Amino acid sequence: MSEHGHGHGHGHGHGHRPVHSDLYTALLAEHTSAEPGPRHVVDLGAGAGAGTFALLSRFPEARVTAVDVSVEDLQRLHDRACELGLADRVRTVQADLDAGWPDLGTADLLWASGSLHHLADPGQVLRKIHDVLAPGGVVLLVEKAVHDGLHGGDWAPMLTEAGFTVAADRTLRDNGLQVVLARREGGK
Ligand SMILES: C[S@@+](CC[C@H](N)C(=O)[O-])C[C@H]1O[C@@H](n2cnc3c(N)ncnc32)[C@H](O)[C@@H]1O
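Please read all numbers here as calculations on a predicted model, not as lab measurements.

A. Quick peek at helix α4 (residues 122-132). Of all the positions in α4, only Pro122, Gly123, Val125, Leu126, Ile129, His130 and Val132 are classed as buried. Looking at the packing, one finds that the buried side of α4 touches β1 (40-44), β4 (107-113), β5 (133-144) and α5 (155-161).

In structure tokens, the structure reads:
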């Protein structure tokens, strides 16, 4: 992830490999080991797909809907999916989540890395995420742990407020990221 604003090539290192892709792969392995394989995953604020490709790899049976406001990033994501032969498992949805909520269908897992703090009303977005998830579905957030004065950052209480049960909430000392896993109750 980066400090950039919209549509400026987030999460990319010097090569073509997103900076956090290995970290995301590790986080998914650690935090979703108890989860049944999701069929539909939403990556909210997907950017160029650092999370999307980790999700596709972690869940070989799943399809991923990647949502972002940036046409440019979504095009890069799509191009990469084509290169990797994964295009049939990825749908890109261009949407400004501050302006309205696209129809995303029902998701079993929703991933949002570095994106929620960009949004004007994260509390409302968490309620939308709750609605998008199937009963028993989980949301996995990765955000900067440091409060910067601009955004709430206290994700666990906000998730609880939105109706979730928080299953994990940890800060990674190495990189100052906060990882929160929460479940929509009423599972299968
Ligand atoms: C720091 S990047 C993170 C990208 C990716 N999830 C990752 O982990 O590398 C934040 C992303 O949120 C997207 N974003 C910011 N505001 C948005 C909005 N209002 N609606 C949809 N996406 C938005 C940006 O375009 C950007 O791709």
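Anyway, onward from the coordinates.
B. Fine view of the sheet that holds strand β7 (residues 177-183). Judged by pairing direction, the sheet is mixed, and its seven strands sit side by side in the order β3-β2-β1-β4-β5-β7-β6 without closing on themselves. The two strands at the open ends of the sheet, each matched to only one other strand, are β3 (90-94) and β6 (165-172). Here the average twist between neighbouring strands, direction ignored, is 15 degrees. When β1 meets β4, the two strands line up parallel, connected through three bridges. Along β4, the bridge assignment pairs Val41 with Leu109. Contacts between helix α3 (residues 71-83) and the sheet are confined to β2 (63-68) and β3, with β3 contributing the most and set at about 170 degrees to the helix.

C. Highlighting the side chain of His40. For His40, the location among the structural elements is in strand β1. Judged by relative accessible area, His40 falls into the buried class, the value being 3%. Only 2.6 Å separates the side chain of His40 from the side chain of Thr65, close enough to count as a polar contact.

D. Focus on the packing of aromatic side chains. One pass over the full model with this rule turns up one aromatic pair. Here the aromatic rings of Tyr24 and Trp111 are separated by 5.0 Å at their centres, their planes lie at 75 degrees, and the arrangement is edge-to-face. Taken together, the positions of Tyr24 in helix α1 (residues 21-31) and Trp111 in strand β4 put the pair 87 residues apart, joining distant regions of the chain. Pair check on accessibility: Tyr24 and Trp111 agree, each one buried.

About the cut-offs
- The numbers attached to residues start from 1 for each chain and follow its sequence in the written order.
- In keeping with the model being predicted, local features are shown solely for residues with a pLDDT of at least 70 and side-chain atom pairs are shown and tallied solely at 80 or more, while totals for entire chains, interfaces and linings include all residues.
- Side-chain measures were taken over the full set of non-hydrogen atoms in the model, leaving aside hydrogen atoms and water.
- Throughout this description, buried means an accessible area under 20% of the type-specific maximum (1.4 Å probe, protein chains only), exposed means over 50%, and partly exposed covers the range between.
- Counting from the N terminus, the helices are DSSP H or I runs at least four residues long and the strands are E runs at least two residues long.
- By definition, residues are in contact when any of their heavy atoms lie within 4.5 Å.
- DSSP bridges decide pairing: two strands pair if at least two such bridges lie between them.
- Working convention: axes come from line fits to C-alpha atoms, limited for helices to the stretch in contact. Angles between N-to-C directions cover 0 to 180 degrees.
- Each polar contact in these results corresponds to two N or O atoms within 3.5 Å; when the atoms are within protein, one needs to be able to donate a hydrogen and the other to accept it, and residues that are neighboring in sequence are counted only if both atoms are side-chain atoms.
- For this analysis, a ring pair means two rings from Phe, Tyr or Trp (six-membered ring only for Trp) whose centres lie within 6.5 Å, classed as stacked if their planes differ by under 30 degrees, edge-to-face if by over 60, and tilted for the remaining angles.

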